[in-house]
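The chain contents come next:
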Amino acid sequence: KAGVTQTPRYLIKTRGQQVTLSCSPISGHRSVSWYQQTPGQGLQFLFEYFSETQRNKGNFPGRFSGRQFSNSRSEMNVSTLELGDSALYLCASSLERGGGADTQYFGPGTRLTVL
Amino acid sequence: AQSVTQLGSHVSVSEGALVLLRCNYSSSVPPYLFWYVQYPNQGLQLLLKYTSAATLVKGINGFEAEFKKSETSFHLTKPSAHMSDAAEYSCAVSEGTGGFKTIFGAGTRLFVKA
């Protein structure tokens, strides 16, 4: 089975622009979560989608949004980019049989640099 | 609210020595606990997880972790470090309140000296 794929792998944007990141989960996985990884802070939970619905959300401003399509693919959008948004954005998918105990499988990430 | 604290952003051990990476969590309900590892130039992968079965959990590459409810801890250990264990290790907690909301610790970078 193919793993979680994320596109693009690298992005360079300037302040004020917006960006869209894409994630394709493992086939059959219905839950997709997004994380922001910065040095020294570990992974910060952004949001989780299941069956096209956002079920959980982390403590990020409204500039961060996402969606999930009927084929479970997900996109994350960041509007009005700030320098502090520079980070590695990771997507993870799981079967999500219920309860949060399922293993998450992570993609390689998208490295976003904001200049 | 859930939270995870990993003691020590950097840990250095000699090859063959005991590896002990500390993780303490807080959760309002019985948690699910995870250790993930990220090797250089590789993606994040699951090392082991606790889901309320046995309190001593064995993972890949000889690692294990013990869930101690009274101490709210889930420390990761390996009896004998190998050079290939050098990596970033992250502890995470997830509550079963409808889907995933997994909170990660800040991570611990493990260095192994020859």
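Coordinates for the structure precede this section.
Criteria and cut-off values
- Residues numbered from 1 in each chain as written.
- Chains lettered and ligands numbered in written order.
- Predicted model: local features only at pLDDT ≥ 70, side-chain atom pairs only at ≥ 80, totals over all residues.
- Heavy atoms only, no water.
- Helix = DSSP H or I, 4+ residues; strand = E, 2+ residues; numbered from the N terminus.
- Rg over C-alpha atoms; globule rule 2.2 N^0.38 Å.
- Buried < 20%, exposed > 50% of the residue type's maximum accessible area, 1.4 Å probe, protein only.
- Contact = heavy atoms within 4.5 Å.
- Areas by Shrake-Rupley, 256 points an atom, 1.4 Å probe, with all protein chains shown as cover.
- Lys, Arg positive; Asp, Glu negative; His and termini not counted.
- Charge placed at Lys NZ, Arg CZ, Asp CG, Glu CD.
- Pairing = 2+ DSSP bridges.
- Axes fitted to C-alpha atoms, helices over the stretch in contact; angles between N-to-C directions.
- Buried area = accessible area lost by both parts, 1.4 Å probe.
- Salt bridge = Lys/Arg side-chain N within 4 Å of Asp/Glu carboxyl O.
- Polar contact = N/O pair within 3.5 Å; in protein donor to acceptor, adjacent residues only side chain to side chain.
- Nonpolar A, V, L, I, M, F, W, Y, C, P; charged D, E, K, R; others polar.
- Disulfide = S-S within 2.5 Å.

> Break down the overall build of chain B for me, citing the residues and quoting the values.
A tally of regular secondary structure across chain B gives zero helices and eleven strands. Walking chain B from its N terminus toward its C terminus, one meets helices and strands in the order β-β-β-β-β-β-β-β-β-β-β. Taking 114 residues into account, the globule formula puts the C-alpha radius of gyration at 13 Å, and chain B, at 14 Å, falls close to it. Counting only C-alpha atoms, chain B reaches 45 × 25 × 20 Å along its principal axes. Within the span of chain B, comprising 114 residues, buried residues form 45% of the whole. For chain B, contacts bridging at least 24 residues in sequence account for 56% of all contacts bridging at least 6. Surface summary for chain B: the accessible area is close to 5300 Å², and the carbon and sulfur share equals 53%. Between the centroid of the 9 positive side chains of chain B and the centroid of its 7 negative side chains there is a distance of 2 Å.

> Provide a residue-level description of the sheet that holds strand β8 (residues 74-78) of chain A, including the pertinent values.
Think of a sheet as strands paired side by side through backbone hydrogen bonds, with each pair either parallel or antiparallel. All names here are of chain A. The antiparallel open sheet is built from four strands, whose spatial order is β1-β3-β8-β7. For this open sheet the edge positions go to β1 (5-7) and β7 (64-68), each flanked by a neighbour on one side alone. With strand direction ignored, the average angle separating the axes of adjacent strands in the sheet is 20°. With three bridges connecting them, β1 and strand β3 (residues 19-24) associate as antiparallel partners. The residue of β3 that forms the bridge with Thr7 is Ser22.

> Mind laying out the interface of chain B and chain A, listing which residues take part and the relevant values?
Facing 19 residues of chain B, the contacting portion of chain A comprises 22 residues. Buried surface at the junction of chain B and chain A, summed over both partners, amounts to about 1800 Å²; 53% is from carbon and sulfur atoms. Across the contact surface, chain B and chain A share zero salt bridges. For the pair chain B and chain A, the number of links is four residue pairs in polar contact (both at pLDDT 80 or more). Counted by class, the side of chain B that touches chain A contains eight nonpolar, eight polar and three charged residues.

> An account of the environment of Asn59 of chain A is requested, with residue identities and associated values reported.
Residues and elements named next belong to chain A. Relative to the elements of secondary structure, Asn59 occurs in the loop between β6 (53-57) and β7. The exposure class of Asn59 is exposed, given its relative accessible area of 79%. Spatially, the C-alpha atoms of Asn59 and Leu43 are 12 Å apart, while their sequence positions differ by 16 residues.

> Explain unusual backbone geometry to me, and be specific about the residues and the numbers.
That bond from Thr7 of chain A to Pro8 of chain A is cis: its omega, -15°, falls within 30 degrees of zero. With respect to the helices and strands, the residue Pro8 of chain A is situated in the loop between β1 and β2 (10-13). You will see that Thr80 of chain A, though not glycine, has its phi angle at about 45°, which is positive. One can find Thr80 of chain A in the loop between β8 and β9 (87-94). On the basis of relative accessibility, which here comes to 46%, the residue Thr80 of chain A falls in the partly exposed class. A positive phi is found at Thr72 of chain B, a non-glycine position, where the angle reads about 45°. Relative to the helices and strands, Thr72 of chain B is located in the loop between β7 (64-68) and β8 (73-78).

> Hey, could you go over the state of the cysteines for me, with residue numbers and the actual values?
Residue and element names in this part refer to chain B. In total, this model carries two disulfides over all chains according to the counting rule given. Residue Cys23 pairs covalently with Cys91 via a disulfide, S to S 1.9 Å. Disulfide Cys23-Cys91: the torsion about the S-S bond is -60°, which places it as left-handed. Of the two residues, Cys23 is situated in strand β3 (residues 19-26) and Cys91 in strand β9 (residues 87-95); the sequence distance between them amounts to 68 residues.

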